[in-house]
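# Close look at the chain arrangement
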Amino acid sequence: MYGTGTEFRLRRLFDAASETSIIIPMDQAIEGNFTELEDPRALVRDMCDAGANGFLMRRGLARFTAESFAGRAAWVERLTGRSALEHQDDDQLLLASPEQALYNGADAVVFTIFFGKNETANLPAYGRVSDECRRIGLPLIGEPFPIGGPDALPYDGPYEVDDIRVAVRTACEEGADLIKTYYPGSPADMARIVAYSTVPVLIAGGPKAKRPRDVLEMVKGAMDGGASGTVVGRKIWQSEDPGAMIHAVARIVREGLDVDQAMAALGKSAIVVA
Amino acid sequence: MYGTGTEFRLRRLFDAASETSIIIPMDQAIEGNFTELEDPRALVRDMCDAGANGFLMRRGLARFTAESFAGRAAWVERLTGRSALEHQDDDQLLLASPEQALYNGADAVVFTIFFGKNETANLPAYGRVSDECRRIGLPLIGEPFPIGGPDALPYDGPYEVDDIRVAVRTACEEGADLIKTYYPGSPADMARIVAYSTVPVLIAGGPKAKRPRDVLEMVKGAMDGGASGTVVGRKIWQSEDPGAMIHAVARIVREGLDVDQAMAALGKSAIVVA
Amino acid sequence: MYGTGTEFRLRRLFDAASETSIIIPMDQAIEGNFTELEDPRALVRDMCDAGANGFLMRRGLARFTAESFAGRAAWVERLTGRSALEHQDDDQLLLASPEQALYNGADAVVFTIFFGKNETANLPAYGRVSDECRRIGLPLIGEPFPIGGPDALPYDGPYEVDDIRVAVRTACEEGADLIKTYYPGSPADMARIVAYSTVPVLIAGGPKAKRPRDVLEMVKGAMDGGASGTVVGRKIWQSEDPGAMIHAVARIVREGLDVDQAMAALGKSAIVVA
Amino acid sequence: MYGTGTEFRLRRLFDAASETSIIIPMDQAIEGNFTELEDPRALVRDMCDAGANGFLMRRGLARFTAESFAGRAAWVERLTGRSALEHQDDDQLLLASPEQALYNGADAVVFTIFFGKNETANLPAYGRVSDECRRIGLPLIGEPFPIGGPDALPYDGPYEVDDIRVAVRTACEEGADLIKTYYPGSPADMARIVAYSTVPVLIAGGPKAKRPRDVLEMVKGAMDGGASGTVVGRKIWQSEDPGAMIHAVARIVREGLDVDQAMAALGKSAIVVA
Amino acid sequence: MYGTGTEFRLRRLFDAASETSIIIPMDQAIEGNFTELEDPRALVRDMCDAGANGFLMRRGLARFTAESFAGRAAWVERLTGRSALEHQDDDQLLLASPEQALYNGADAVVFTIFFGKNETANLPAYGRVSDECRRIGLPLIGEPFPIGGPDALPYDGPYEVDDIRVAVRTACEEGADLIKTYYPGSPADMARIVAYSTVPVLIAGGPKAKRPRDVLEMVKGAMDGGASGTVVGRKIWQSEDPGAMIHAVARIVREGLDVDQAMAALGKSAIVVA
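Please read all numbers here as calculations on a predicted model, not as lab measurements.

## A closer look at the pairing of strand 1 (residues 21-25) of chain C
Residues and elements named next belong to chain C.
- Here strand 1 lies mainly inside the structure; five of its five residues are buried.
- A two-sided burial pattern is seen for strand 1, the buried positions comprising Ser-21, Ile-23 and Pro-25 on one face and Ile-22 and Ile-24 on the other.
- Across two bridges, the pairing between strand 1 and strand 10 (residues 229-231) is parallel. Bridge pairing in strand 10 places Ile-22 opposite Thr-230.
- Once the chain exits strand 1 it traverses helix 2 (residues 41-49) before rejoining the sheet at strand 2 (residues 54-57), and the crossover so formed is right-handed.

See below:
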């Protein structure tokens, strides 16, 4: 894809030297009440200063915070969602179009798809978005969750690694340029997922880790398993010092250091993530 | 159709001298975990070197493996699918558009349609794809399964030959340029299916044969019944020596030899397909 | 409508001197197994030689048999259908578009609509097709069946004449240029239907008559009741001598002769239709 | 451009092993009377059998000769032209669209542009074609002639190498994927042109060489100067044995042999090109 | 325009801290023979490493050099041009569309317009491009030259400052987001131009300065007059050490240093620009 619009934009999401990516998701405000998201303009500026490669936001927040990061970090527009008010966590709706996302200034788009349930509605929508992204040179980040099967699983798993592999690969086969998925818990399982993906894989934050060291160990495990970076948000911007957390994550992601070395970037190792 | 885009592209799928086709499907990764599909670039190159006329792939894998076969073998883009995670085997979804498939570089497209169930959604979609394919000169390969009726049948049959005939013919009547269907078990039944088709018929691999000889006997029976070639994948790329298997299949398909003669191409006759 | 595309094409369906039409439907292959439809190229050529004004076919068979009749008889593309495999006879699906039908070379299109059931889906589709046909100058043949009401009727009736009148007139009101409907059994009832139609009416064959004389008596009754011709297929191409049957039908339709005179064209009067 | 439609199609124009191309132009019939172009179907088949990678034809001849090469060699559709009847050799008209060329089955398109005259009409047309080719994944072959300047030059030069460089580069800058241009007479000048091009360069035949040896020396000089192949037509299909000429050209282009070695492929070295 | 696509992209052209821009134009290859542009991939990488904010290139060179700067510096696609071969320097042609430029990955586009001649053709084209750029969120850089009037001026002036003001303002009034224009020779005249512009003004290199000090003095004068940066190319990439020249220019543009201080960045102050 050298020289295509897809390539020009994909490279904006990555650190050029290490070919890794640290993207900060801030698309959660429709899912609940987050004090940090009330007016995150200073927070976004701090994280941008600390070296985040991009921010994952819906179009409204991107517009609201544009001055804090435009031109310095990439913007990934989330296309899918569902409000917290319907309590229907097994489906995601297509809320925005790739073409307007490109007009809005987005460098890439994210599409969450829950495999195993509602595929009849969601998978064809993903396919149409994929075709349009290709036509207009806009990178597509697939975020697949294998929630289905006879016993539907909760949004946040845990999933079988074999199921994650099929979900990730389906997103690839139908046109993803990057994958965002959960860390499966060990470098070996991460490697199995990366092996079945045909594009680079970034890990999502997941909801459970509490201490910064846990976050960094997750990041280290993912990178050891072949991941290309992180799309970790709450664990960073809900921490005591988001900028320091980004520096610590970057030590591992970009420089390949170990967790102890990365902890040094935090100064205080006992910070607890809310 | 002499001189249309459909003809120009159809001929890329066929061996010119024998007017037969050996297409390798590699579109199964969304249906499960296949070690061979983790990074099939060398495998695709080998099968291309061995003389495969084309590869049936979804757009993601075609992009990933383009360097291994582009310009030497045709690419057939699969438009339909459903992940293995939903365990709903009686429906297929339209995931990609013919026009973007043409822009992507595809030489033809495959549309799987399950007759007898969900026709209200699927048959009109097939019809629209057919009309678009005709307008843009892109060959349409119909893959019909007569799964329906009062007692819905499993994905892989067995089906009544009369039902296969109606399913195949419906796909023809609504615009298929080629048919992909299962071998019905005997040359006589194959001939009945070919007789009711208005376009050439290629056989799919089917899930049951284990030994290379079984595969070759199936191919021989199909050719004796009037088939124009094969869309057999796993039986080839899961075998011990995929290139040799392609050579053996080609002996039957292109040269009309018998199974014993084709087995010679395999060297070791006792190879067991995984 | 003199001088419009609709008129130019409509006239291709009619015998110029008598202003009547004998169209042969061959669109049934998706509804079952018909030996005559396996390779009907010679059959089509014979019926074309015998003076058929046109053939009603789906796009696949028209393409397959084009050399047998193109330029000599009209092609009416059927837009609607459903395979025999779903056993759901009370609904018809829109499978093709008028615009592509025109591009394909069709002179007119047929749309079957079942009134009284599924109108919510089907009647607006008919309306859209009608608007498009008008815009592009393509004649629309409406084929209405009043199957509905509190007690849904079987596909092949019998229907109340008053219900047929409303169904026919609805198809006319929403844009049909010609009507295809069943012969109601008597010239008087036929006349009532013709009286309520605003466009010419052709009769369909219906499934029941066995002897050639029965077929010819039905045709004679329809013509006496004001019909403009026939869209009778199986009763002709499943007969012993399809060319002779067309000659016999033409005696009645074009020349206004009686049944005995028409029977003379058959040579052997005792032929039994399968 | 890995994995794009442009790449899939570009590779069809090239020999995979040597990454060189031998394309036969047969687009000259609108410029005069050529006996060989009266019915070139056997000629095209012979040249295809001899290993031509593709044929440069207008859409009409491609349709007429499709059976002779479709599926075995690429088709490059010429988009521009002007009949011999207007005697206005300094302008070229856009006669066909890239999108329909793709629908027609073309693998690439050629656009001839005369720089230095009529740029106001021609250069923006080239630019629009370039944008459309990019959007639909169809390779664009630019054929630039620096005919202009204060003293307009004849169609066939001779041109200053510096002017050819600017013309070639302008075609590249505005989107060509391949260049077709005249051989400038020496490997050193060829190298200067290739150096200023950002895409591979193929040489056109030019009108002056008479003996096969002259043709082969031109080809050898071009390849030594860094060209990637030939778009030589009349010197091949007007020769006594076109197939042998293609074999001889291939010795140089694909195998890198010298002229004496290539002459051996001709058998009779004294053949005079008409 | 906060939060629009135009803003997101505009900011990629600017240094965030100083809100200034150093863009390197490399769009001149169609205007003559430049050794540096034969294969500028290493040169582009060096200038990117040295801190250039963006590159002004036509689509062909951008594709060719993408790996050297994509993701690290912006790409401004030039939409207008005319080859050096027609010697008609008073007109510019629209060669590319904003929409495809956006799909190609461009962050902005440049449109050169010669006021006072050919406005009937060019000014409405500029207006249409402006409207389209606004709709799709793509910044438009206007490059106005007041060449016209009763006595047409040469391409490179000198122009009356009042004429430059009107030309610049016309480009602004019809939708420019940035202006590229020649330095008028003094900070005072620069200030008059900046005062009449409604958007930031960048200075073009102009053809006359020879010594690095002359270049830096021009840059210093422009910045003192209120310019927001430079679009100086040949004076940088034809210098002995392009990276050092960018560092020197950046001292003035971004840090506000004087010429002597900036010269220190060059090391050798006596370098002569070719």
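There is more to say after this.
## Re the environment of C:Ala70
- On the secondary structure map, C:Ala70 appears in the loop between helix 3 (59-69) and strand 3 (74-78).
- Note on C:Ala70: relative accessible area 53%, which makes it exposed.

## Observations concerning the arrangement of the chains
- Over all C-alpha pairs, chain B and chain E never come within contact, reaching a minimum spacing of 14 Å.
- Of all C-alpha pairs spanning chain C and chain E, none lies closer than 29 Å, and the two are not in contact.

## Remarks on the environment of D:Ala70
- The exposure class assigned to D:Ala70 is buried, which follows from its relative accessible area of 6%.
- Between the C-alpha atom of D:Ala70 and that of D:Pro187, which follows or precedes it by 117 residues, the distance is 34 Å.
- Among all residues touching D:Ala70, those that are not within four sequence positions of it are B:Phe8 and B:Arg11.

## With respect to the interface of chain B and chain D
- Taken together, the contact pairs 29 residues of chain B with 29 residues of chain D.
- For the chain B and chain D pair, buried surface summed over both sides reaches about 2300 Å², with 58% attributable to carbon and sulfur atoms.
- Here B:Asp107 makes a salt bridge to D:Arg12, at a shortest N to O gap of 2.6 Å.
- For the interface between chain B and chain D, the tally reads nine residue pairs in polar contact (both at pLDDT 80 or more).
- Here the side of chain B that touches chain D gets six residues from one element, more than from any other, and that element is helix 1 (residues 5-12) of chain B.
- Its residues assigned to classes, the side of chain B that touches chain D shows twelve nonpolar, seven polar and ten charged.

## Let's talk about the relation of the copies chain B and chain D
- Under the fitted operation, chain B is carried onto chain D by 0.0 Å of movement along the axis and a turn of 179°, and the coordinates agree to an RMSD of 0.1 Å. What the superposition gives is, in effect, a two-fold axis relating one chain to the other. Taking C-alpha positions as reference, the residue of chain B nearest the rotation axis is B:Leu102, located at 4.1 Å.

## A few points about the relation of the copies chain B and chain C
- For the pair chain B and chain C, the relating rotation is 72°, the translation along its axis is 0.1 Å, and the fit reaches an RMSD of 0.1 Å. With respect to symmetry, the two chain copies, as superposed, fit the operation of a five-fold axis. Across chain B, the smallest distance between a C-alpha and the rotation axis is recorded for B:Ala121, namely 10 Å.

## Quick look at the pattern of salt bridges
- Under the definition given, this model contains 97 salt bridges over all chains.
- Several salt bridges converge on common partners, so that one network encompasses A:Arg12, A:Asp107, E:Arg12 and E:Asp107.

## Brief notes about the interface of chain B and chain C
- Each side of the interface is counted separately: chain B has 34 residues, and chain C has 27 residues.
- For the pair chain B and chain C, the summed buried area comes to about 2600 Å², and 51% of that belongs to carbon and sulfur atoms.
- Taken as a group, B:Asp131, B:Glu173 and B:Glu174 account for 24% of the area that chain B buries against chain C, more than any other trio of residues on that side.
- There are five salt bridges connecting chain B and chain C.
- Residues B:Arg165 and C:Glu38 are paired through a salt bridge, measuring 2.9 Å at the closest nitrogen-oxygen approach.
- Contributing elements (two or more residues each) for the side of chain B that touches chain C: helix 5 (119-136), helix 6 (161-173) and helix 7 (187-196) of chain B.

## Quick notes on the nonpolar core
- Counting 172 residues, the largest nonpolar core has B:Ile24, B:Met26, B:Phe55, D:Ile24, D:Met26 and D:Phe55 as the members making the most contacts within it.
- Contact partners of B:Met26, with chain neighbours within four places excluded, come to B:Leu37, B:Pro40, B:Leu43, B:Val44, B:Met47, B:Phe55, B:Leu56, B:Met57, B:Leu61 and B:Trp237.

## Quick notes on unusual backbone geometry
- Phi at B:Asn118 takes a positive value of approximately 60°, unusual for a residue other than glycine.
- Inspection of the secondary structure assignment puts B:Asn118 in the loop between strand 6 (108-114) and helix 5.

## What to know about the packing of aromatic side chains
Residues and elements named next belong to chain A.
- A complete count under the given rule lists 33 aromatic pairs over all chains for this structure.
- With a centroid separation of 6.0 Å and 75° between ring planes, the pair formed by Phe-34 and Trp-237 is classed as edge-to-face. With a gap of 203 residues between them, Phe-34 in the loop between strand 1 (21-25) and helix 2 (41-49) and Trp-237 in helix 10 (residues 234-237) connect regions that are remote in the sequence. Both residues of the pair, Phe-34 and Trp-237, count as buried.

## What to know about the packing of helix 6 of chain B against helix 3 of chain C
- It is at 6 Å that the axes of helix 6 of chain B and helix 3 of chain C come closest, and there the two elements cross at 75°. Between helix 6 of chain B and helix 3 of chain C, the angle is such that the two are roughly perpendicular. Facing B:Arg169, B:Cys172 and B:Glu173 of helix 6 of chain B, the residues of helix 3 of chain C in contact are C:Arg59, C:Gly60 and C:Leu61.
- For the contact of helix 6 of chain B with helix 3 of chain C, the class distribution of residues is two nonpolar, one polar and three charged.

## Description of the sheet that holds strand 1 of chain C
Residue and element names in this part refer to chain C.
- A barrel is described by the order of its strands in space; here eight strands give the closed sequence 1-2-3-6-7-8-9-10, paired in parallel fashion. For this sheet, the mean angle separating the axes of adjacent strands, direction not counted, is 25°.
- Helix 5 (residues 119-136) rests against strand 6 (108-114) and strand 7 (140-145) of the sheet, and its axis sits at about 160° to strand 6.
- Here helix 8 (residues 212-224) sits on the sheet in contact with strand 9 (201-204) and strand 10, set at roughly 160° to strand 9.

## Concerning the state of the cysteines
Residues and elements named next belong to chain E.
- Taken as a whole, this structure holds zero disulfides over all chains when the rule is applied.
- Here Cys-133 is not cross-linked by a disulfide; its sulfur's nearest cysteine counterpart is in Cys-172, at 14 Å.
- For Cys-172, a relative accessible area of 8% gives the class buried.

## Some details on the packing of helix 1 of chain B against helix 3 (residues 59-69) of chain D
- Packing of helix 1 of chain B against helix 3 of chain D brings their axes to within 11 Å, and their N-to-C directions diverge by 15°. Looking at the two axes, helix 1 of chain B sits roughly parallel to helix 3 of chain D. Remark: the crossing between helix 1 of chain B and helix 3 of chain D carries left-handed chirality. On helix 3 of chain D, the residues touching B:Glu7, B:Phe8 and B:Arg11 of helix 1 of chain B are D:Ala62, D:Ala66, D:Glu67 and D:Phe69.
- The residue makeup of the contact of helix 1 of chain B with helix 3 of chain D, split by class, is four nonpolar, no polar and three charged.

## Quick notes on the sheet that holds strand 9 (residues 201-204) of chain B
All names here are of chain B.
- Taken in spatial order, the eight strands of this closed barrel run 1-2-3-6-7-8-9-10, and their pairing is parallel. Direction aside, neighbouring strands of the sheet carry axes that sit 25° apart on average.
- Along the sheet face, helix 6 touches strand 7 (140-145) and strand 8 (178-182) and points at about 160° away from the line of strand 8.

## Structural notes on the side chain of D:Glu174
- Here D:Glu174 shows up in the loop between helix 6 (161-173) and strand 8 (178-182).
- What makes D:Glu174 buried here is its relative accessible area of 1%.
- The contact partners of D:Glu174, leaving out residues within four places of it in the chain, are D:Tyr126, D:Ser130, E:Arg58, E:Arg59 and E:Leu95.

Reading the values: the criteria
Residues numbered from 1 in each chain as written. Chains lettered and ligands numbered in written order. Predicted model: local features only at pLDDT ≥ 70, side-chain atom pairs only at ≥ 80, totals over all residues. Heavy atoms only, no water. Buried < 20%, exposed > 50% of the residue type's maximum accessible area, 1.4 Å probe, protein only. Helix = DSSP H or I, 4+ residues; strand = E, 2+ residues; numbered from the N terminus. Pairing = 2+ DSSP bridges. Right-handed = clockwise from strand over helix to strand, strands pointing away. Contact = heavy atoms within 4.5 Å. Buried area = accessible area lost by both parts, 1.4 Å probe. Salt bridge = Lys/Arg side-chain N within 4 Å of Asp/Glu carboxyl O. Polar contact = N/O pair within 3.5 Å; in protein donor to acceptor, adjacent residues only side chain to side chain. Nonpolar A, V, L, I, M, F, W, Y, C, P; charged D, E, K, R; others polar. Least-squares fit on C-alpha atoms with pLDDT ≥ 70 in both. Core = buried A, V, L, I, M, F, W, Y, C linked by side-chain atoms within 4.5 Å. Phe/Tyr/Trp six-rings, centres within 6.5 Å; stacked < 30°, edge-to-face > 60°. Axes fitted to C-alpha atoms, helices over the stretch in contact; angles between N-to-C directions. Parallel < 35°, antiparallel > 145°, perpendicular 65-115°, else oblique. Disulfide = S-S within 2.5 Å. Left-handed = near helix turned anticlockwise from the far one by under 90°.

Function cannot be inferred from these measures alone, as they are strictly geometric.
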